[in-house]
Amino acid sequence: MKYSSEDFVNLDEVHALADVLTPIGPALYTVLAEARSDLETRYPDDLFWPHQNRQNLSRLVNQRTARIWEQYGSDDWTLFDRSGFLHLRENETGVKLILRKVDPLTHGVPKSNATRASRAYFSQSQCIPKGQLQAVDPGLFDEGKLIPDLHDIGLVCTWDEMTDGGVSIVVYKTEGPG
């Protein structure tokens, strides 16, 4: 999202993130629904116990979503690592987003993995207030428009299955490892 100088001065992190995330919503929902329906038709549910199938399916949906992202996803967001899971980076602002299944017990943000990188990703500062955002270095053709620098921000996109067969998506900026 590009902002004029006047709008950029009055921009805070919450509104910048909302502007960045709004266009990805439909693409993310489409990819998740496609991956889920694809796996439900291919995955034999008699291989494991029911609770194991639910655990396996959530991992496989994340991996399948990463695999088909380029086909159905947004051009503004690209995969930023080769982990095999959906880890996206927005091209202009640099904000990162990882896909995780909701915690089955709390129905909230899942805990971080037991690595330093994961704990750092889940432990971020509070939102940057109005007037304190930095701008990305302007490009040659930006025409005086400013883009907020959000490369230090990591978001967790959680998904859950609805009772009617749909998918619920909620995006969090975590402040603690869980």
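The model shown is predicted, which means the values in this text are computed figures rather than measured ones.

A. Quick look at the packing of aromatic side chains. Scanning the entire structure with this criterion turns up zero aromatic pairs. For Arg-89, the ring lying beneath its charged end belongs to Phe-80, and the centroid distance is 4.8 Å. Geometry around Trp-159 places Lys-101 over its ring, the cationic atom sitting 4.9 Å from the centre.

B. Structural view of the pattern of salt bridges. Evaluated as defined, the whole model comprises six salt bridges. Here Glu-13 ties to Lys-173 by a salt bridge, and the two come within 2.7 Å at their closest N and O atoms. Remark: Lys-173 occurs in the segment after strand 5 (167-172) and Glu-13 occurs in helix 2 (residues 13-21); sequence separation between them is 160 residues. With a relative accessible area of 1%, Glu-13 lands in the buried category. Note that Arg-64 and Asp-38 form a salt bridge whose closest N and O atoms lie 2.7 Å from each other. Taken as a pair, Arg-64 in helix 4 (residues 50-72) and Asp-38 in helix 3 (residues 24-42) lie far apart in primary sequence, 26 residues in all. A residue is classified by how much of its surface remains accessible, and Arg-64, at 24% relative accessible area, is partly exposed. The class of Asp-38 is buried, set by a relative accessible area of 13%.

The rules we used
- Residues numbered from 1 in each chain as written.
- Predicted model: local features only at pLDDT ≥ 70, side-chain atom pairs only at ≥ 80, totals over all residues.
- Heavy atoms only, no water.
- Phe/Tyr/Trp six-rings, centres within 6.5 Å; stacked < 30°, edge-to-face > 60°.
- Lys NZ or Arg CZ within 6 Å of the ring centre and 35° of its normal.
- Salt bridge = Lys/Arg side-chain N within 4 Å of Asp/Glu carboxyl O.
- Helix = DSSP H or I, 4+ residues; strand = E, 2+ residues; numbered from the N terminus.
- Buried < 20%, exposed > 50% of the residue type's maximum accessible area, 1.4 Å probe, protein only.

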